[in-house]
Amino acid sequence: MNDILKFSIAGNGFDTACAPRLALGIGVFDGVHLGHRRIISELVRQAKRNGAVPAAMTFDPHPRAVLHPTEAPTLLVPLSERIRLLREAGAELVLVVRFTAEFARLEPEEFLRRLLECPEFRLAGICVGERWRFGRGGCGDSALLREYARSRGLDFTACPELEIGGETVSSSVIRRAIAAGRLDTAAEMLGRPYRLTGVVEYGYGAATSRLSCPTANLDFKAGVLPPDGVYAGCAVRDGRLYPAAINVGLCPTFGWEQARRRVEIHLLDYTGNLYGSELGVEFLHHLREERTFTGPEELKLQIDRDLVRIREFFAQRQAQEGKQA
Ligand SMILES: Cc1cc2nc3c(=O)[nH]c(=O)nc-3n(C[C@H](O)[C@H](O)[C@H](O)COP(=O)(O)O)c2cc1C
Ligand SMILES: Nc1ncnc2c1ncn2[C@@H]1O[C@H](COP(=O)(O)OP(=O)(O)O)[C@@H](O)[C@H]1O
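Remember, it's a predicted structure, so these values are computed and weren't measured experimentally.

## Digging into the packing of helix α7 (residues 171–179) against helix α8 (residues 183–190)
Right, so step 1: Here α7 crosses α8 at 150 degrees, and the two axes come no closer than 7 Å. Classified by the angle their axes make, α7 and α8 are roughly antiparallel. Read as a crossing pair, α7 and α8 show a hand that is left-handed. Packed against α7, whose contacting residues are V173, I174, A177 and I178, the element α8 presents L183, T185, A186, M189 and L190 at the interface.

Pasting the structure below:
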């Protein structure tokens, strides 16, 4: 490994001693949306025809967080989840390059030279999204890559951008869709419902004692929040889905000081201790705005009505799924 191109490798059976042939799919891949998945599918095809291992190369931190810290994007999923999703999509290995200001200053050809000279693997091909830019000031593009690959006898694939409903699928578009509450658009582009993942932390203990409706408070390190409000969704724990009611907001009814925006999840038909465990939450349907009630009694009556509507939502969903089957 060289001094500027530093990376760690996630995946089984990577033996640097025998320097395997790799087909490299390169990109940031935050969220691993349908456009990214298309790149990984092409990568798998490229790897097959070259007798190589399909490997995704991603960057951490996000390049914009290093180059324009004030415009650092909120990641759609944490790095660990990005790696998991890339592998699920077909990448046998994931190389995580440490993105630094020094790395960003590399000329495109210099970056490629370092890839070719990496002692850990032998480069067989490269696969990117057509509009991927790289190297100093983003001056490297797919035309440069194509020419470089041709001159070095490497395979090369540039995947056209995926469009859905006339809009180009991208992590930024998905971030904006979630923040604007357009969860259907986000789900369509991700190819799955949008999921926020975190660890259950302690709250004020009021939901059980004053609302008879315990809510798991999610401490999350990455993920874009949809607008404040009440949602029908699914909690995900150990790979199992539980229908759930979700409240995003400041819980203004209680008027707690130093209130911060919280994500609270009530799992329907569940009892148990969730503190400290990892929980995912999928946002499926916006039910109503968060409101300030006169007190816990009035809020409790409203939550009871919310839970009835959420059960109806899931019953309808199940009926529709039954029809489609
Ligand atoms: C379905 C649901 C809807 C909620 N709606 C509101 C609301 O409109 N306004 C509000 O102030 N809090 C609302 N809450 C949040 C409760 O205020 C929250 O569960 C309470 O603050 C308890 O917090 P704790 O977990 O720290 O005990 C809602 C909670 C749930 C589960
Ligand atoms: N159905 C459920 N949904 C959510 N949390 C539950 C449920 N049943 C039990 N719990 C437990 O109750 C806790 C939430 O209770 P709550 O009174 O809201 O306390 P806190 O304010 O600490 O979140 C959760 O973290 C979890 O451990």
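## Structural notes on the site of ligand 2
Right, so step 1: Near ligand 2, the surroundings consist of 20 residues, among which G205, T208, Y270, L274 and Y275 are the closest.
Right, so step 2: Here ligand 2 has 560 Å² of accessible area as a free molecule, and 92% of this is covered by the chains.
Right, so step 3: Every element with two or more residues in the shell around ligand 2 is listed here: α9 (206–211), β10 (216–219) and β13 (262–267).
Right, so step 4: Among the elements that line the shell around ligand 2, the one with the most residues is β13, at three residues.
Right, so step 5: Classifying every residue of the shell around ligand 2 gives 11 nonpolar, nine polar and no charged.

## As for unusual backbone geometry
Right, so step 1: In this model, D60 is joined to P61 through a cis peptide bond whose omega is 0 degrees.
Right, so step 2: Here P61 lies in the loop between β3 (53–60) and α2 (63–67).
Right, so step 3: With a phi close to 50 degrees, D238 is a non-glycine residue in the positive phi region.
Right, so step 4: One can find D238 in the loop between β11 (229–237) and β12 (240–249).
Right, so step 5: Classification of D238 by relative accessible area gives exposed; the value is 75%.
Right, so step 6: If you check the backbone angles, D269 has positive phi at about 55 degrees while not being a glycine.
Right, so step 7: Along the polypeptide, D269 turns up in the loop between β13 and β14 (278–288).
Right, so step 8: A residue is classified by how much of its surface remains accessible, and D269, at 66% relative accessible area, is exposed.

## Overview of the sheet that holds strand β2 (residues 21–26)
Right, so step 1: Strand order across the open sheet formed by six strands is β1-β4-β3-β2-β5-β6, with mixed pairing between neighbours. Each edge of the open sheet is held by one strand with a lone partner, namely β1 (7–10) and β6 (155–159). Geometrically, the sheet is characterised by an average inter-axis angle of 25 degrees between neighbouring strands, direction not taken into account.
Right, so step 2: The pairing of β2 with β3 spans five bridges and is classified as parallel. Across the sheet, L22 pairs through a bridge with V53, a residue of β3.
Right, so step 3: Packed onto the sheet, helix α3 (residues 79–89) meets β1, β3 and β4 (93–98) and runs at close to 145 degrees relative to β4.

## A few points about the nonpolar core
Right, so step 1: Ranked by internal contacts, the top residues of the largest apolar core, which has 34 residues, are L24, I26, F111 and L115.
Right, so step 2: Taken together, the elements giving at least two residues each to this core come down to β2, β3, β4, α4 (101–104), α5 (108–116), β5 (122–129), α6 (142–152) and β6.
Right, so step 3: The next biggest cluster of nonpolar side chains, apart from the first, holds 33 residues, and it includes I164, V224, V263 and V281.

## Structural notes on the site of ligand 1
Right, so step 1: In the neighbourhood of ligand 1, 25 residues make up the surrounding shell, with Y204, A206, T253, E264 and R291 lying closest.
Right, so step 2: At 3.2 Å from an oxygen atom of ligand 1 is found a main-chain nitrogen or oxygen belonging to G205.
Right, so step 3: A206 has a polar backbone atom sitting 2.6 Å from an oxygen atom of ligand 1.
Right, so step 4: Protein chains bury 99% of the 620 Å² of accessible surface belonging to ligand 1 in isolation.
Right, so step 5: For the shell around ligand 1, the secondary structure elements donating two or more residues are α9, β12, β13 and α10 (296–324).

## Details of α10
What sets the pattern is the α-helix's 3.6 residues per turn: residues three or four places apart point alike.
Right, so step 1: Compared with the 42 Å implied by 1.5 Å per residue over 29 residues, the 41 Å span of α10 between its first and last C-alpha is a close match.
Right, so step 2: Every buried residue of α10 is listed here: P296, L299, Q302, I303, D306, L307, I310, F313 and F314.
Right, so step 3: Contacts made by the buried residues of α10 are with α9, β11, β12, β13 and β14.

Parameters and conventions
- Residues numbered from 1 in each chain as written.
- Chains lettered and ligands numbered in written order.
- Predicted model: local features only at pLDDT ≥ 70, side-chain atom pairs only at ≥ 80, totals over all residues.
- Heavy atoms only, no water.
- Axes fitted to C-alpha atoms, helices over the stretch in contact; angles between N-to-C directions.
- Helix = DSSP H or I, 4+ residues; strand = E, 2+ residues; numbered from the N terminus.
- Parallel < 35°, antiparallel > 145°, perpendicular 65-115°, else oblique.
- Left-handed = near helix turned anticlockwise from the far one by under 90°.
- Contact = heavy atoms within 4.5 Å.
- Near = heavy atom within 4 Å.
- Areas by Shrake-Rupley, 256 points an atom, 1.4 Å probe, with all protein chains shown as cover.
- Nonpolar A, V, L, I, M, F, W, Y, C, P; charged D, E, K, R; others polar.
- Buried < 20%, exposed > 50% of the residue type's maximum accessible area, 1.4 Å probe, protein only.
- Pairing = 2+ DSSP bridges.
- Core = buried A, V, L, I, M, F, W, Y, C linked by side-chain atoms within 4.5 Å.
- Polar contact = N/O pair within 3.5 Å; in protein donor to acceptor, adjacent residues only side chain to side chain.
- Expected span 1.5 Å × (residues − 1).

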